[in-house]
Amino acid sequence: MSPKKDQASPASSSQPDGNNEPLPPLSPKDFRTYNRMAEKMDYYHNHFRQMWNQLQDACTSTGKRPGGLSPRQLITTGLTFCSQLDLHHSIEEEHIFPTLARRMPEFRRELSLVSQHRQIHKGLEKLEEYLTKCRSGEVDLQREEMKMHMDAFGEVLWTHLDDEVKALGAENMRRYWNLQEMGRMPF
(Lines give C-alpha, C1' and ligand atoms only; values in the text may rest on other atoms or scores of the structure.)
Protein backbone atom coordinates (compact mmCIF):
# COMPACT_ATOMS: atom_id res chain seq x y z
CA MET A 1 0.00 0.00 0.00
CA SER A 2 1.14 3.52 -0.55
CA PRO A 3 0.21 6.71 1.25
CA LYS A 4 -2.60 8.80 -0.08
CA LYS A 5 -2.04 12.51 -0.39
CA ASP A 6 -5.55 13.67 0.38
CA GLN A 7 -4.64 17.02 1.89
CA ALA A 8 -7.19 19.76 2.26
CA SER A 9 -6.99 22.77 -0.01
CA PRO A 10 -8.10 26.34 0.50
CA ALA A 11 -11.65 25.67 -0.67
CA SER A 12 -14.94 26.07 1.16
CA SER A 13 -16.56 23.68 3.62
CA SER A 14 -19.65 23.26 5.77
CA GLN A 15 -19.85 24.13 9.44
CA PRO A 16 -20.14 21.44 12.17
CA ASP A 17 -23.33 22.77 13.76
CA GLY A 18 -25.43 21.56 10.86
CA ASN A 19 -25.24 24.90 9.09
CA ASN A 20 -24.49 23.88 5.53
CA GLU A 21 -23.55 27.32 4.36
CA PRO A 22 -20.04 27.25 2.92
CA LEU A 23 -17.25 28.87 4.85
CA PRO A 24 -15.38 31.64 3.05
CA PRO A 25 -12.19 30.70 1.21
CA LEU A 26 -9.00 30.84 3.24
CA SER A 27 -6.05 33.02 2.35
CA PRO A 28 -2.86 31.05 1.72
CA LYS A 29 -1.48 32.31 5.06
CA ASP A 30 -4.60 31.24 6.99
CA PHE A 31 -4.61 27.90 5.20
CA ARG A 32 -1.03 27.28 6.36
CA THR A 33 -1.99 28.17 9.93
CA TYR A 34 -4.95 25.80 9.92
CA ASN A 35 -3.08 23.05 8.07
CA ARG A 36 0.09 23.16 10.21
CA MET A 37 -0.87 20.20 12.40
CA ALA A 38 -1.83 18.05 9.41
CA GLU A 39 1.53 18.73 7.79
CA LYS A 40 3.43 17.87 10.96
CA MET A 41 1.39 14.72 11.50
CA ASP A 42 1.87 13.65 7.89
CA TYR A 43 5.64 14.05 8.37
CA TYR A 44 5.56 11.60 11.31
CA HIS A 45 3.16 9.28 9.55
CA ASN A 46 5.38 9.16 6.47
CA HIS A 47 8.15 7.83 8.72
CA PHE A 48 5.86 4.98 9.81
CA ARG A 49 4.76 4.34 6.21
CA GLN A 50 8.39 4.13 5.14
CA MET A 51 9.31 1.72 7.94
CA TRP A 52 6.22 -0.41 7.23
CA ASN A 53 7.12 -0.65 3.55
CA GLN A 54 10.71 -1.57 4.42
CA LEU A 55 9.51 -4.34 6.74
CA GLN A 56 6.95 -5.63 4.22
CA ASP A 57 9.59 -5.64 1.48
CA ALA A 58 11.96 -7.61 3.70
CA CYS A 59 9.20 -10.13 4.45
CA THR A 60 8.27 -10.69 0.81
CA SER A 61 11.58 -10.35 -1.06
CA THR A 62 13.72 -13.31 -1.92
CA GLY A 63 17.47 -13.68 -2.06
CA LYS A 64 20.37 -13.82 0.34
CA ARG A 65 19.31 -10.66 2.25
CA PRO A 66 15.64 -10.04 1.44
CA GLY A 67 14.85 -6.36 1.43
CA GLY A 68 18.50 -5.68 2.26
CA LEU A 69 17.99 -6.75 5.89
CA SER A 70 19.61 -9.66 7.70
CA PRO A 71 17.33 -11.57 10.08
CA ARG A 72 18.82 -9.68 13.06
CA GLN A 73 18.31 -6.31 11.31
CA LEU A 74 14.74 -7.24 10.42
CA ILE A 75 13.96 -8.14 14.03
CA THR A 76 15.56 -4.93 15.32
CA THR A 77 13.82 -2.77 12.73
CA GLY A 78 10.49 -4.44 13.48
CA LEU A 79 10.88 -3.90 17.23
CA THR A 80 11.89 -0.27 16.62
CA PHE A 81 8.77 0.22 14.51
CA CYS A 82 6.59 -1.22 17.30
CA SER A 83 8.24 0.91 19.96
CA GLN A 84 8.11 4.15 17.97
CA LEU A 85 4.49 3.71 16.90
CA ASP A 86 3.48 2.87 20.47
CA LEU A 87 5.24 6.01 21.74
CA HIS A 88 3.67 8.14 19.00
CA HIS A 89 0.19 6.93 19.90
CA SER A 90 0.83 7.41 23.62
CA ILE A 91 1.83 11.03 23.05
CA GLU A 92 -1.26 11.61 20.90
CA GLU A 93 -3.62 10.04 23.43
CA GLU A 94 -2.13 11.82 26.44
CA HIS A 95 -1.33 15.26 25.04
CA ILE A 96 -2.98 15.93 21.68
CA PHE A 97 -6.28 14.09 21.49
CA PRO A 98 -7.69 15.39 24.80
CA THR A 99 -7.27 19.00 23.67
CA LEU A 100 -8.77 18.34 20.25
CA ALA A 101 -11.59 16.18 21.66
CA ARG A 102 -13.04 19.17 23.49
CA ARG A 103 -14.53 20.26 20.17
CA MET A 104 -13.77 17.58 17.62
CA PRO A 105 -15.76 14.34 17.91
CA GLU A 106 -13.30 12.28 15.86
CA PHE A 107 -10.73 12.62 18.68
CA ARG A 108 -13.02 11.42 21.47
CA ARG A 109 -12.22 8.09 23.13
CA GLU A 110 -15.32 6.30 21.92
CA LEU A 111 -14.94 7.24 18.26
CA SER A 112 -12.94 6.22 15.27
CA LEU A 113 -9.38 7.53 15.66
CA VAL A 114 -8.94 6.22 19.22
CA SER A 115 -10.75 3.02 18.28
CA GLN A 116 -8.27 2.59 15.43
CA HIS A 117 -5.42 3.00 17.95
CA ARG A 118 -6.83 0.10 20.00
CA GLN A 119 -7.07 -2.14 16.92
CA ILE A 120 -3.55 -1.22 15.83
CA HIS A 121 -2.16 -1.91 19.30
CA LYS A 122 -3.65 -5.39 19.43
CA GLY A 123 -1.71 -6.19 16.27
CA LEU A 124 1.41 -4.34 17.43
CA GLU A 125 1.48 -6.34 20.67
CA LYS A 126 1.35 -9.65 18.78
CA LEU A 127 4.05 -8.52 16.34
CA GLU A 128 6.26 -7.29 19.18
CA GLU A 129 5.75 -10.52 21.14
CA TYR A 130 6.73 -12.59 18.09
CA LEU A 131 9.82 -10.48 17.33
CA THR A 132 10.90 -10.55 20.98
CA LYS A 133 10.77 -14.36 20.90
CA CYS A 134 12.81 -14.28 17.69
CA ARG A 135 15.40 -11.96 19.23
CA SER A 136 15.78 -14.19 22.30
CA GLY A 137 16.16 -17.30 20.13
CA GLU A 138 12.99 -18.88 21.51
CA VAL A 139 11.68 -19.15 17.93
CA ASP A 140 13.33 -18.77 14.54
CA LEU A 141 12.33 -15.78 12.46
CA GLN A 142 9.96 -16.78 9.69
CA ARG A 143 9.42 -13.86 7.35
CA GLU A 144 6.05 -15.25 6.27
CA GLU A 145 4.89 -15.35 9.89
CA MET A 146 6.11 -11.81 10.50
CA LYS A 147 4.20 -10.67 7.43
CA MET A 148 1.08 -12.45 8.71
CA HIS A 149 1.32 -10.51 12.00
CA MET A 150 1.76 -7.25 10.10
CA ASP A 151 -1.09 -7.97 7.70
CA ALA A 152 -3.43 -8.52 10.67
CA PHE A 153 -3.43 -4.78 11.41
CA GLY A 154 -2.00 -3.25 8.24
CA GLU A 155 -5.26 -2.07 6.74
CA VAL A 156 -6.44 -0.30 9.89
CA LEU A 157 -2.98 1.24 10.35
CA TRP A 158 -2.87 2.72 6.85
CA THR A 159 -6.47 3.93 7.12
CA HIS A 160 -5.66 5.53 10.46
CA LEU A 161 -2.56 7.30 9.15
CA ASP A 162 -4.67 8.89 6.42
CA ASP A 163 -7.76 9.59 8.57
CA GLU A 164 -5.81 11.39 11.26
CA VAL A 165 -4.06 13.69 8.80
CA LYS A 166 -7.37 14.43 7.10
CA ALA A 167 -9.02 15.25 10.45
CA LEU A 168 -6.19 17.69 11.18
CA GLY A 169 -6.45 19.30 7.74
CA ALA A 170 -7.25 23.00 7.36
CA GLU A 171 -10.84 22.56 6.21
CA ASN A 172 -11.75 20.43 9.21
CA MET A 173 -9.73 22.37 11.81
CA ARG A 174 -11.32 25.68 10.87
CA ARG A 175 -14.74 24.23 11.54
CA TYR A 176 -13.81 23.94 15.24
CA TRP A 177 -11.02 26.45 15.97
CA ASN A 178 -10.34 30.08 15.13
CA LEU A 179 -6.98 31.40 13.92
CA GLN A 180 -5.94 32.70 17.34
CA GLU A 181 -6.67 29.32 18.92
CA MET A 182 -4.68 27.56 16.22
CA GLY A 183 -1.72 29.80 17.01
CA ARG A 184 -1.91 28.80 20.68
CA MET A 185 -2.11 25.05 20.07
CA PRO A 186 0.73 23.54 22.12
CA PHE A 187 1.75 21.14 19.37
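Only a predicted model underlies this, so the values are computations on that prediction, with no experimental measurement involved.

> I tried to follow the overall build of the chain on my own but got confused; where do I start?
Counting secondary structure elements, the chain contains 6 helices and 0 strands. Scanning the chain from its N terminus toward the C terminus, one meets helices and strands in the order α-α-α-α-α-α. Per-residue burial for the chain yields a buried fraction of 44% across its 187 residues.

> In this structure, what is going on with the packing of helix 3 (residues 112-136) against helix 4 (residues 143-167)? I would like to understand it.
To describe two helices that pack against each other, one gives the angle between their axes and the distance between the axes. The N-to-C vectors of helix 3 and helix 4 enclose an angle of 150°; their axes lie 9 Å apart at closest approach. The angle between helix 3 and helix 4 falls in the class roughly antiparallel. The interaxial crossing formed by helix 3 with helix 4 has left-handed handedness. Together, Leu 113, Gln 116, His 117, Gln 119, Ile 120, Gly 123, Leu 124, Lys 126, Leu 127, Tyr 130 and Leu 131 of helix 3 and Glu 145, Met 146, His 149, Met 150, Phe 153, Val 156, Leu 157, Thr 159, His 160, Asp 163, Glu 164 and Ala 167 of helix 4 make up the contact between the two elements. Of the residues in the contact of helix 3 with helix 4, the class split is 12 nonpolar, 7 polar and 4 charged.

> Explanation requested: the nonpolar core in the structure shown.
Counting residues in hydrophobic clusters, the biggest one holds 27 residues, and the most contacted among them are Phe 81, Leu 131, Leu 141, Met 146, Phe 153 and Leu 157. Put simply, the parts of the chain that give this core at least two residues each are helix 1 (28-60), helix 2 (71-101), helix 3 and helix 4. No other element matches helix 4, which puts 7 residues into this core. The residues contacting Leu 141, other than those within four sequence positions of it, are Pro 71, Leu 74, Ile 75, Tyr 130, Leu 131, Cys 134 and Met 146. Membership of the second largest hydrophobic core comes to 24 residues, among which are Ile 96, Phe 97, Leu 100 and Tyr 176.

> Looking at this structure, I do not really get helix 4. What am I missing?
Working note: α-helix, 3.6 residues per turn, so residues spaced by three or four point in the same direction. For helix 4, with 25 residues, the first-to-last C-alpha span of 35 Å sits near the 36 Å given by 1.5 Å per residue. Maximal helix bending in helix 4 amounts to about 45°, located at Gly 154.

> Would you take a moment to explain the side chain of Glu 181 for this structure?
Residue position: Glu 181 is located in helix 6 (residues 179-184). When sequence neighbours within four positions are dropped, the list of residues in contact with Glu 181 reads Arg 103 and Tyr 176.

> Explain the packing of aromatic side chains here, please?
The relation between two aromatic rings is expressed through the spacing of the ring centres and the mutual angle of the planes. According to the stated counting rule, one finds 5 aromatic pairs in the structure shown. Where Phe 97 meets Phe 107, the ring centres are 5.0 Å apart and the plane angle is 65°; that geometry is what we call edge-to-face. You can see Phe 97 sitting in helix 2 and its partner Phe 107 sitting in the loop between helix 2 and helix 3, a full 10 residues away along the chain. Of the two residues, Phe 97 and Phe 107, neither departs from the other in class, the shared state being buried. A network of ring pairs unites the aromatic residues Phe 48, Trp 52, Phe 81 and Phe 153 as a single cluster.

Cut-off values and rules
Residues numbered from 1 in each chain as written. Predicted model: local features only at pLDDT ≥ 70, side-chain atom pairs only at ≥ 80, totals over all residues. Heavy atoms only, no water. Helix = DSSP H or I, 4+ residues; strand = E, 2+ residues; numbered from the N terminus. Buried < 20%, exposed > 50% of the residue type's maximum accessible area, 1.4 Å probe, protein only. Axes fitted to C-alpha atoms, helices over the stretch in contact; angles between N-to-C directions. Parallel < 35°, antiparallel > 145°, perpendicular 65-115°, else oblique. Left-handed = near helix turned anticlockwise from the far one by under 90°. Contact = heavy atoms within 4.5 Å. Nonpolar A, V, L, I, M, F, W, Y, C, P; charged D, E, K, R; others polar. Core = buried A, V, L, I, M, F, W, Y, C linked by side-chain atoms within 4.5 Å. Expected span 1.5 Å × (residues − 1). Bend = angle between axes of the 7 residues up to and from the residue. Phe/Tyr/Trp six-rings, centres within 6.5 Å; stacked < 30°, edge-to-face > 60°.

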